[in-house]
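Given next are the chains, with one letter for each unit.
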Amino acid sequence: MTGANRPAWATIPVDEDRYRPLYARLLGLRFVNPGGVLCFLFFEGAIALAVLLALAELVSWWAVLVLPVVVAAMVKLNDMVAAIVVRSAALVPEQERDRFRRQMEPVVGRARVEWVSHSVPGVMITADPVPPPRRANPSD
């Protein structure tokens, strides 16, 4: 691919594209950036799995050709979904992003919990509030 054909939002610079694994370059992955080991597992691992399944007579020998193609299609589909997510995230205004970040920040604090002995047999611990004890009527 040349630099003119690549969109501006691609995550892999054009200079580094030639150092990527052949599997990623052939699929034209722009957002998913698998390393050499992962590309090996995607392609040769799929072939090895298909051969093992065919030798166990669980699938026909066509699976040796079909399984790597299916894995490549799923990797490409994953890259296309990542592209859609990045594009839609770029359309969100900065104000909405800040509001979302404020809402998603975890709140760290301390809750006051009374000390309860968990080793006392016969004690039932519940989260329901205990009603106050009734006082005896003076008329009784």
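The written sequence of each chain sets the order in which its residues are numbered from 1. The predicted nature of this model means local features are confined to residues of pLDDT at least 70 and side-chain atom pairs, given and counted, to a pLDDT of 80 or more, with totals for whole chains, interfaces and linings taken over all residues. Side-chain descriptors were evaluated using all non-hydrogen atoms of the structure, hydrogens and water having been removed beforehand.

Moving on to the layout of surface pockets. Cavities and pockets were defined on a 1 Å grid built from protein atoms only: a cavity is a group of points that admits a 1.4 Å probe but offers it no way out, a pocket is an open group of points flanked by protein on both sides within 12 Å along at least five of seven lines, and a lining residue is one with an atom within 4 Å of any such point. Grid points are joined across faces, edges and corners, and a volume is the space filled by probe spheres set on the points. Roughly 180 Å³ of internal volume is contained in the largest pocket. In terms of lining, the largest pocket is formed by 13 residues, of which the most central are Leu22, Tyr23, Leu26, Cys39 and Phe43. Mapped by element, the contributors of at least two residues to the lining of the largest pocket are helix H2 (22–27), helix H3 (36–55) and helix H4 (63–91). Among the elements that take part in the lining of the largest pocket, H3 stands out by supplying five residues, more than any other. Gly counts as polar in this scheme, as do all residues outside two lists: the nonpolar Ala, Val, Leu, Ile, Met, Phe, Trp, Tyr, Cys and Pro, and the charged Asp, Glu, Lys and Arg. In the lining of the largest pocket, the residues fall into 11 nonpolar, one polar and one charged. What counts as a helix is a DSSP run of H or I of at least four residues, what counts as a strand is a run of E of at least two, and both are numbered from the N terminus.

The residues that make up patches have over 30% relative accessible area and no salt bridge, and they are joined within 9 Å when like-charged or within 5 Å when they are Val, Leu, Ile, Met, Phe, Trp or Tyr. Note on areas: Shrake-Rupley with a 1.4 Å probe; residue coverage comes only from the protein chains shown. A pair is scored as a salt bridge if a Lys or Arg side-chain nitrogen falls within 4 Å of a carboxyl oxygen belonging to Asp or Glu. There is a patch of nonpolar side chains on the surface, built from Trp62, Leu65, Val66, Val70, Met74, Leu77, Val81 and Val85 and spanning about 800 Å² of accessible area. Locating Val70 in the fold gives a position in helix H4. Burial status follows relative accessibility: with a 1.4 Å probe on protein chains alone, a residue under 20% of its type maximum counts as buried, one over 50% as exposed, and anything between as partly exposed. For Val70, a relative accessible area of 42% gives the class partly exposed.

As a further point, take H3. Each helix should span, by expectation, one fewer than its residue count multiplied by 1.5 Å. Here H3 spans 27 Å end to end across 20 residues, near enough to the 28 Å set by a 1.5 Å rise per residue. Among the residues making up H3, those that are buried are Cys39, Ala46, Ala50 and Ala54. Residue contacts are counted whenever heavy atoms from the two residues lie within 4.5 Å of one another. Summarising the contacts, the buried residues of H3 are in contact with H2 and H4. Once H3 finishes, Glu57 follows within two positions and takes phi at roughly 60 degrees, a positive value.

In this section: the environment of Arg25. For Arg25, the location among the structural elements is in helix H2. Classification of Arg25 as partly exposed rests on a relative accessible area of 37%. Ignoring sequence-local partners within four residues, the contact set of Arg25 consists of Asp17, Arg18 and Arg20.

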